[in-house]
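# Fold and contact review
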Amino acid sequence: MIDLSQVRKEFEGKRRVVALDTVDLSIAKGEMVSIVGASGSGKSTMLNLIGGLDRPSSGEIRIEGVALGSLPDDELTRLRRDKIGFIFQFFNLLPTLTSLENVSLPLHLRGWPRKQIDARARELLDLVGLSHRLEHQPDELSGGERQRVAIARALSVYPPVLLADEPTGNLDSKTGVEILNLIHDLHGRLGATVLIVTHDPNVAASCERNITIRDGRIQADVRREALRR
Amino acid sequence: MILLKLISWQYVRKHLLRTALTVAGIVIGVAVFVGMHTANQSVLFAFNQTINQIAGATQIQITAGEPGFDEEILEKVQGVPGVRVAVPVIEATAATNLPGQGNLLVLGVDMTGDRSLRSYDLEGADDDVIDDPLIFLAQPDSLIVTRRFAEANNLRINSSIPMDTMAGRVRFTVRGIMKDSGLASAFGGNLAIMDIYAAQKMFGRGRKFDRVDVGVQEAESVPEVQARIEKALGEGFAVEPPSSRGQQFENTAQIYTLASAITSLFALFIGMFIIYNTFAIAVTQRRGEIGILRALGATRGQIRTLFLGESAVLGLLGSAAGVLAGIGIARVMAGYIGNLLGEVYGIAQRAGELSLNPRLLGFAMLIGALTSVAAALLPARTAAATDPVKALHKGGAELITERENRMRRLAALISITGAILCLWFSQHRILFYAGYMLAVIAALLMTPTFSLWISKLFRPFLKAFRPVEGTLAADSLIQAPRRTSGTVAALMLSLALVVSLSGLARASYGSITQWMNIALNPDLFVSTSESITARSFVFPAEIGDDLKKLDGIDVVQMVRSVRVLVPSRKGGGSVPVMLVGADIDRIAERARLPVIAGDANTMYQVAGAGNGVVVSDNFALLHGYRLGDGIEIPSPSGVLRLPVTGIVIDYSDQQGSILMSRRLFSEKWNDSSVNVFRIYLKPGASDTAVRQAILDRFGSERRLFVFTNRELRDYVLKLTDQWFGLTYVQIAVAVLVAILGIVNSLTVSITDRRRELGVIQAVGGLRKQIRHTIWMEAAAIGVLGLILGLALGAAQLYYTLEIAERDLAGLRLNYEYPVGMALALLPVILSAAFLAALGPAESAVRGSLVEALEYE
């Protein structure tokens, strides 16, 4: 499903920083994987590269067999919009749009018919338990509700890959647990491949596979029984 | 100072484009200001310089308006005690007939006495020519030219120059070439000297002189001799130092000067809004930085000084660049203005080189810097008032607070109420102008509110058009009114000026066409010059009788128009107006000008009998005359005091015209000459055939131009077109303002929305979709400016027409909104907006997506 081969990412500045150092990784379809590591270890960089938000300095990344490196920008965007859903730590909802509009956004960008978009957006908000908050703008929602809207947006076309960068990092622990449960629930129901970057050991422990990164390299890659609470 | 270096300089370095845009705002304002003024000044300076160079050692000049006076006046002046020397002069311009040389200023002088006032610095042995004036005099075709003119046209001693005179084409012979200094540099070197009697013949002056130049004896005081001459000649003569002629030219061209001053000040005012916009945005964006500085102990005063210091430095930089750009503009415009003033007022001048006035340039630098500081005052105050705790928290800074909005609306309400009240008392000049200012202030105060309302109205339409891109573009405007309102305000002001100028032009065309239909209804016009406004040459009246004998001609009307000075009842002093000597009762039979005051049946009879004058409406309005008022008109036979027997609509002259009986004019000025013959044809006669007949009969022996009715109308409309050339300057300024302002707003918008744009790309937005949202935002800003500008333009047009009537031209113009221009502005401004959005849109799609998503 997701294959990284000899992937290296360097940042050029006053001094060169190696964020990922020749990483090889393979993630199978339907896996739920956590990526942990200290700040600056390279975990978010890895997520950005897999999501096609950034390009590696060398090496190759494939999503469902498609090599991202050779894709022009707009093709990469199309792949992102059809195959990948993003969940961010700071939600990244557009502040002027309602929940319904935020969830509709990727569908509009795909050029879906309006009726279909409306039906899908309502269905998704219902899925994340927010059918009563359709016309609310982000600043009228709680942190947990905002993240639910963001999750609904990420699921807009039920993408095969879901990438989450610290999805609970900006939430209190109770809400964090609720969001994590939602992600698990959706993973179970939709069968998507889920990658979660996290600092939180509880989040990491809840995943079937746990990858630890240190100084840009994979230090550990442990598979375990999924812990459901 | 250290804060400027540590904080401002770093900010400037990081935001080079935005800094450049701010500076560009000042550059535009200062450049238009300097360009217009320098071009005007260069033309006036050239005129004054020519006067001074021609005056030589002349201390007093005696004139009696354009018609001049009889030769015996010279003897009277020579007889006045204290006069050292008094010499006659004829000064007129004539076409050279040489390619690329335009007009030649011909000075007719009496060589026997003239050298004691003017130095003819001739080359080599040529001095013989004037050392013995008899040689010069004995050959009436003698001409002295300048070296510059001779070199430009390959002329040498004894070369001949063909010139059209009132006695047909005459070949003049170059008998002397002047060195390029002093007198020879007058009129840009296009100067020729000929004997005064040859000049009388050439220009059809009869036995008259234009002027007498006087030198005073050493022991005498100039004012005393001046007073003695005045006494000896009696009323009707102007006895003045040469410098006062420059003042007359300035008075004549004052409408133009005023109109261009208004445009240039507007440009500066608009530049101020671009600067205000940038600083207002900068304060919003640098709130965090201000918060840190305040937390570290910077006082409010230091923060205020920091922003004002920045604005002063940028203002000075922009002013310096604006001065340079303005000099470039002036170079292009000086020739244009020179031609325009020459054609409209019939006063020839030649702005060879720019007159750079250090005081004006210094003033422009100062005004540029002050404008910049004034524009930054409010943002600096806001910055100084920033609460450090709130400033260190992110978000919420961009919104205009409800309190601020309320205050604005309240101030706008007060202003608009004041403007309406002023309308009721608008007969008082000061209240009228105060009302105008208040109306503009109210519009400016309401700009953010109107922008917000209109943006909210736009949202559903934009959303329906493009659900993502349209919605985001509208939301960007709604969320950040501070970001766009300065740009919208600048655009609004600029477009309002375009609307009002073009409305004024349209109304003027309408009125002028109406007037032409009535006043200019003869079939043919016979003039001494290809430019109907030039009055250097005149016809003897006898030609009128000869014309009447030609087949096909029914009626010939003779018109003599001269510029004279009459007292103004409004502003005091004397004003140059056009005196038209004609058979007005007969003209009125064929061309009945619309009457404003007086009895249409009797006014022409009374005036025709020489017992009064009919004046134009613009004369009455501009100079404060009413029906029955007496006008004092100076003539060589003394001052005429005649009552106004009627006021009619007549646009023959911008300063106003006085129609007088031709018989009275001939008697008092001892001048029966004619500028223009108005010819009506018999039924069935062809205008082209009669024109040919006139040319065949007189062409070989007379300098003469025949215009058909259509040609004359086209000529008048061409002049009007040139006059309204200012409208095009203003459209150019509006487009520049639109581009600058929109680039500025979009650059900031993209920075502010970097994360939002990143999110759209992250969730699948293609580059073209990002570009679309930026373009739509730009288009929306353009349309906002257009809507408000076209609306304010409607009010501004009312005020402009009123100003044109009261203070500028005395024209009663109908209010008609220039719909065509308004429609034409839509594509112009949308194209400008699109152009402005290209760069920002590219920068929006080129950045790093990861950085955009992490951007705070």
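Residues numbered from 1 in each chain as written. Chains lettered and ligands numbered in written order. Predicted model: local features only at pLDDT ≥ 70, side-chain atom pairs only at ≥ 80, totals over all residues. Heavy atoms only, no water.

### Details of the overall build of chain B
To be explicit about the condition: Segments assigned H or I by DSSP are reported as helices when at least four residues long, segments assigned E as strands when at least two residues long, and all are numbered from the N terminus. Each residue is placed in one exposure class: buried if its accessible area under a 1.4 Å probe, protein chains only, is under 20% of its type's maximum, exposed if it is over 50%, and partly exposed if it falls in between. Computed by Shrake-Rupley with a 1.4 Å probe, the accessible areas treat only the displayed protein chains as cover when residues are assessed.
Counting its regular elements, chain B contains 31 helices and 21 strands. Overall size of chain B, expressed as C-alpha extent along the three principal axes, is 95 × 65 × 50 Å. When the 856 residues of chain B are sorted by exposure, 59% land in the buried category. About 33,800 Å² of surface is accessible on chain B, with carbon and sulfur atoms providing 59% of the total.

### As for the overall build of chain A
Filter applied, for reference: C-alpha atoms define the radius of gyration, and 2.2 Å times the number of residues to the power 0.38 defines the globule rule. The contact definition used throughout considers only heavy atoms, calling two residues in contact when any of these lie within 4.5 Å.
Helix and strand content of chain A: 7 helices and 10 strands. Against the globule reference of 17 Å for 229 residues, chain A gives a C-alpha radius of gyration of 17 Å, in line with a compact fold. Its C-alpha atoms give chain A principal-axis dimensions of roughly 45 × 40 × 35 Å. Put simply, chain A has 229 residues, and 54% of those count as buried. If you take every contact in chain A between residues at least 6 apart in sequence, the share linking residues at least 24 apart comes to 68%.

### Focus on the interface of chain B and chain A
As a reminder of what qualifies: Values labelled buried area give the accessible surface lost by two parts on being combined, using a 1.4 Å probe and summing over both. We define a salt bridge as a contact between a side-chain nitrogen of Lys or Arg and a carboxyl oxygen of Asp or Glu at a distance within 4 Å. Within 3.5 Å is the distance limit for a polar contact, defined as a pair of N or O atoms, with the added protein rule that one can donate a hydrogen and the other accept it, and that residues adjacent in sequence qualify only through two side-chain atoms. Each residue is assigned to one class: nonpolar for Ala, Val, Leu, Ile, Met, Phe, Trp, Tyr, Cys and Pro, charged for Asp, Glu, Lys and Arg, and polar for all the others, Gly among them.
Chain B puts 24 residues into the contact, and the matching count from chain A is 23 residues. Surface buried jointly by chain B and chain A totals about 2,300 Å² across both partners, of which 62% is contributed by carbon and sulfur atoms. We note a salt bridge from Asp-73 of chain A to Arg-767 of chain B, for which the minimum N-O separation is 2.3 Å. Scanning the region where chain B abuts chain A turns up 9 residue pairs in polar contact (both at pLDDT 80 or more). Taken together, the elements giving at least two residues each to the side of chain B that touches chain A come down to α17 (429–465), α18 (467–479), α28 (754–762), α29 (767–808) and α31 (849–854) of chain B. Taken together, the residues that form the side of chain B that touches chain A break down as 12 nonpolar, 6 polar and 6 charged.

### Observations concerning the packing of α29 of chain B against helix α30 (residues 819–846) of chain B
The axes of two packed helices give the description: the angle between them and the distance between them. Applied cut-off: To obtain an axis, a line is fitted to C-alpha atoms, over the contacting stretch when the element is a helix, and the angle between two such axes runs from 0 to 180 degrees between their N-to-C directions. In this scheme, a crossing is called left-handed if the near helix is turned counterclockwise away from the far one by less than a right angle; it is called right-handed if the turn is clockwise.
Interaxial distance between α29 of chain B and α30 of chain B falls to 7 Å at its minimum, and their mutual angle equals 145°. The element α29 of chain B and its partner α30 of chain B pack so that their crossing is right-handed.

### A few points about the pattern of salt bridges
Residue and element names in this part refer to chain B. Taken as a whole and judged by the stated rule, the model has 44 salt bridges over all chains. Close ionic contact of Arg-207 with Glu-71 constitutes a salt bridge, the shortest N to O distance being 3.4 Å. Of this pair, Arg-207 sits in the loop between α8 (196–203) and β9 (208–209) while Glu-71 is found in the loop between β2 (69–70) and α3 (72–78), placing the two residues 136 residues apart along the sequence. Its relative accessible area of 57% is what places Arg-207 among the exposed residues. For Glu-71, a relative accessible area of 18% puts it in the buried group. The partner of Arg-211 in a salt bridge is Asp-213, and the shortest N-O contact between them spans 2.9 Å.

### Thoughts on the environment of Ala-39 of chain B
All names here are of chain B. With respect to the helices, strands and loops of the structure, Ala-39 is situated in helix α2 (residues 16–55). The exposure class of Ala-39 is buried, given its relative accessible area of 0%. For the pair Ala-39 and Gly-328, spaced 289 residues apart in sequence, the C-alpha to C-alpha distance is 9.9 Å.

### Examining the sheet that holds strand β1 (residues 2–11) of chain A
All names here are of chain A. As a reminder of what qualifies: Whether two strands pair depends on DSSP finding at least two bridges between them.
As summarised here, the arrangement of the 4 strands in space is β2-β1-β4-β5, forming an open sheet in which the pairing is antiparallel. Looking at strand neighbours, the two that pair on one side only are β2 (17–27) and β5 (66–67), the edges of this open sheet. Pairing of β1 with β2 involves 7 bridges; the strand directions are antiparallel. Bridged to Asp-3 within β2 is Ser-26. Strands in contact with helix α1 (residues 43–50) are β1, β2 and β4 (58–63); relative to β1, the strand with the most contacts, it is inclined by about 120°.

### Focus on unusual backbone geometry
A positive phi angle is found at Phe-91 of chain A, which is not glycine, with a value near 65°. Tracing the backbone through its elements, the reader meets Phe-91 of chain A in the loop between β6 (84–87) and α3 (99–110). Judged by relative accessible area, which is 7%, Phe-91 of chain A ranks as buried. Positive phi values are uncommon outside glycine, yet Asn-158 of chain B reaches one of about 75°.

### Topic: the nonpolar core
Quick reminder of the rule: Put simply, buried Ala, Val, Leu, Ile, Met, Phe, Trp, Tyr and Cys residues joined by side-chain atoms within 4.5 Å make one nonpolar core.
Residues Ile-2, Leu-4, Met-46 and Leu-195 of chain A are the most contacted members of the largest nonpolar core, which totals 178 residues. Once residues within four sequence positions are removed from consideration, Ile-2 of chain A is found in contact with Leu-25, Ser-26, Ile-27, Ile-50, Arg-62, Ile-63, Val-161, Thr-193 and Leu-195 of chain A. Judged by nonpolar contacts, the second largest core, of 62 residues, contains Leu-74, Val-80, Phe-203 and Val-526 of chain B.

### Concerning the domain arrangement of chain B
All names here are of chain B. What counts here: Marked domain ranges trace back to an automatic or database domain assignment.
Taken domain by domain, chain B comprises domain 1 (1–55 + 246–397), domain 2 (59–241), domain 3 (447–521 + 718–856) and domain 4 (538–702). Taken residue by residue, the interface counts 31 residues in domain 1 and 32 residues in domain 3. Both sides together, the interface formed by domain 1 and domain 3 hides about 3,000 Å², and carbon and sulfur atoms give 74% of it. For the pair domain 1 and domain 3, the number of links is 0 salt bridges. Counting the contacts that link domain 1 with domain 3 gives 0 residue pairs in polar contact (both at pLDDT 80 or more).

### Some details on the packing of α18 of chain B against helix α19 (residues 481–519) of chain B
All names here are of chain B. Our working rule: When describing relative orientation, an angle under 35 degrees is termed roughly parallel and one over 145 degrees roughly antiparallel, while 65 to 115 degrees is termed roughly perpendicular and anything else oblique.
With their axes 6 Å apart at the nearest point, α18 and α19 run at an angle of 90° to one another. The angle between α18 and α19 falls in the class roughly perpendicular. Where α18 abuts α19, its residues Ser-476, Leu-477, Ile-478 and Gln-479 lie against Pro-481, Arg-483 and Thr-484. Across the contact of α18 with α19, the residue classes break down as 3 nonpolar, 3 polar and 1 charged.

### Focus on the environment of Leu-361 of chain B
Residues and elements named next belong to chain B. Note that Leu-361 resides in helix α14 (residues 358–384). When the C-alpha positions of Leu-361 and Ser-319 are compared, they lie 9.3 Å apart, and in sequence the two are 42 residues distant. The residues contacting Leu-361, other than those within four sequence positions of it, are Val-34, Val-323 and Leu-356.

### Digging into helix α5 (residues 143–154) of chain A
Quick note on the threshold: Take the number of residues in a helix, subtract one, and multiply by 1.5 Å to get its expected span.
The terminal C-alpha atoms of α5 of chain A, which comprises 12 residues, lie 17 Å apart, in line with the 16 Å expected from a rise of 1.5 Å per residue. Along α5 of chain A, 10 of the 12 residues are buried, which leaves the element largely enclosed by surrounding structure. All buried positions along α5 of chain A are accounted for by Gly-144, Glu-145, Gln-147, Arg-148, Val-149, Ala-150, Ile-151, Ala-152, Arg-153 and Ala-154 of chain A. Summarising the contacts, the buried residues of α5 of chain A are in contact with β6, α3, α4 (114–127), β7 (161–165) and α6 (173–190) of chain A together with α28 of chain B.

### Observations concerning the pairing of strand β3 (residues 32–36) of chain A
All names here are of chain A. The buried fraction of β3 is high, at 5 of 5 residues. Residues Met-32, Ser-34 and Val-36 line one face of β3 and the alternating positions Val-33 and Ile-35 line the opposite face, and both faces are buried. Direction of pairing for β3 relative to strand β9 (residues 209–214): parallel, over a ladder of 4 bridges. Across the sheet, the residue bridging to Val-33 is Arg-209, located in β9.

### Some details on helix α25 (residues 687–698) of chain B
All names here are of chain B. Where we set the bar: What the arc describes is the spread of directions from the helix axis to the C-beta atoms.
Compared with an ideal rise of 1.5 Å per residue, which puts 12 residues at 16 Å, α25 spans 16 Å between its outermost C-alpha atoms and is within 8% of the ideal. Here α25 has its buried residues at Val-690, Arg-691, Ile-694 and Phe-698. All buried residues of α25 lie within an arc of 105° about the axis, which places them on one face of the element. Buried-residue contacts for α25 involve β12 (524–527), α20 (542–549), β13 (553–567), β20 (676–681), β21 (705–708) and α26 (709–723).

### Some details on the sheet that holds β9 of chain A
Sheet strands line up and pair through hydrogen bonds in the backbone, either parallel or antiparallel. All names here are of chain A. Judged by pairing direction, the sheet is mixed, and its 6 strands sit side by side in the order β6-β7-β8-β3-β9-β10 without closing on themselves. If you trace the sheet from one side to the other, it starts and ends with β6 and β10 (217–223), each paired once. Shown here is a sheet whose adjacent strand axes are inclined to one another by a mean of 15°, direction ignored. Sheet topology note: the β9/β10 ladder contains 6 bridges and is antiparallel. Bridge pairing in β10 links Arg-214 to Arg-217. Here α1 sits on the sheet in contact with β3, β6, β7, β8 (193–198), β9 and β10, set at roughly 150° to β8.

### Focus: the packing of aromatic side chains
All names here are of chain B. To keep it simple, the criterion reads: Pairing of aromatic rings covers Phe, Tyr and Trp, the last counted by its six-membered ring, and requires centre-to-centre distances within 6.5 Å; plane angles under 30 degrees mean stacked, over 60 mean edge-to-face, and any other angle means tilted. Here, over-ring charges are defined by two tests on the NZ atom of lysine or the CZ atom of arginine: distance to the ring centre within 6 Å, and angle to the ring normal within 35 degrees.
This structure, assessed with the given rule, holds 13 aromatic pairs over all chains. Taken together, a centroid distance of 6.0 Å and an interplanar angle of 50° make the contact between Phe-33 and Phe-363 tilted. Here Phe-363 lies in helix α14 and Phe-33 lies in helix α2, a separation of 330 residues in the sequence. Exposure remark for Phe-33: the relative accessible area of 4% places this residue in the buried category. Residue Phe-363 is classed as partly exposed on the basis of its relative accessible area of 41%. Plain terms: the ring middles of Tyr-798 and Tyr-799 are 5.2 Å apart, the flat faces sit at 75° to each other, and that makes the pair edge-to-face. Overall, the relative accessible area of 5% leaves Tyr-799 in the buried class. Three or more aromatic residues link up through ring pairs in this structure, and these residues are Phe-432, Tyr-433, Tyr-436, Tyr-798 and Tyr-799. Sitting over the face of the ring of Tyr-680, Arg-590 holds its NZ or CZ atom 4.4 Å from the ring centroid.

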